[in-house]
Amino acid sequence: AAIAILRDMLENRPGDAEVIDFYERTLFNAGMAELRAFNLPQSESYLAELAKRQPEDAEVQRVLEFVETYKSRPIDMQLEIFVGSIASR
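Residues numbered from 1 in each chain as written. Predicted model: local features only at pLDDT ≥ 70, side-chain atom pairs only at ≥ 80, totals over all residues. Heavy atoms only, no water.

Caption draft 1: Just the overall build of the protein, in detail. Check the secondary structure of the protein and you find 5 helices and 0 strands. Over its C-alpha trace the protein gives a radius of gyration of 14 Å, about what one expects of a compact globule, namely 12 Å for 89 residues. Once the C-alpha set of the protein is aligned to its principal axes, its extents read approximately 45 × 25 × 20 Å. Long-range contacts, defined here as pairs at least 24 residues apart, represent 51% of the contacts in the protein between residues at least 6 apart. Per element, the accessible surface of the protein, about 5,300 Å² overall, is 54% carbon and sulfur. Each charge class in the protein can be summarised by its mean position, and for the 10 positive and 16 negative side chains these summaries are 1 Å apart. (Helix = DSSP H or I, 4+ residues; strand = E, 2+ residues; numbered from the N terminus. Rg over C-alpha atoms; globule rule 2.2 N^0.38 Å. Contact = heavy atoms within 4.5 Å. Areas by Shrake-Rupley, 256 points an atom, 1.4 Å probe, with all protein chains shown as cover. Lys, Arg positive; Asp, Glu negative; His and termini not counted. Charge placed at Lys NZ, Arg CZ, Asp CG, Glu CD.)

Below, the structure is given as structure tokens:
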């Protein structure tokens, strides 16, 4: 719901740096929440949207690569450790 509200705010105030920053942090945090719940497709969608907005963000690219690797593999301890190592923004 927060992402939908922020998207609407961005339409009304596209140049507002504060809204942009909050939207991008919310995308990252939503992606990480979905990743922690092992909902990889939804996590990937949030993070891919963020990667389009911030292609220089190495952490997002790293998480997306990891998600891509695990989409076709079962959840294991390595994924759980990786997920636990990433802090929210």
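Now that the structure has been shown, the text picks up again.
Caption draft 2: Representation of helix H4 (residues 58-70) within the structure. Between its first and last C-alpha, H4 extends 19 Å over 13 residues, near the 18 Å set by a 1.5 Å rise per residue. Along H4, the residues classified as buried are Val60, Val63, Leu64, Phe66, Val67 and Tyr70. Buried residues in H4, looked at end-on, bunch into an arc of 160 degrees, giving them a common side. Seen from the buried face of H4, the exposed residues on the opposite side, beyond 90 degrees, are Ala58 and Glu65. Tucked inside the fold, the buried residues of H4 contact helix H2 (17-36), helix H3 (40-53) and helix H5 (77-84). One side-chain oxygen at the N-terminal end of H4 lies 3.1 Å from the backbone nitrogen of Glu59; it belongs to Asp57. (Expected span 1.5 Å × (residues − 1). Buried < 20%, exposed > 50% of the residue type's maximum accessible area, 1.4 Å probe, protein only. Arc of directions from axis to C-beta. Polar contact = N/O pair within 3.5 Å; in protein donor to acceptor, adjacent residues only side chain to side chain.)

Caption draft 3: Summary view of unusual backbone geometry. One non-glycine residue with positive phi stands out, namely Phe38, at about 60 degrees. Among the structural elements, Phe38 can be located in the loop between H2 and H3.

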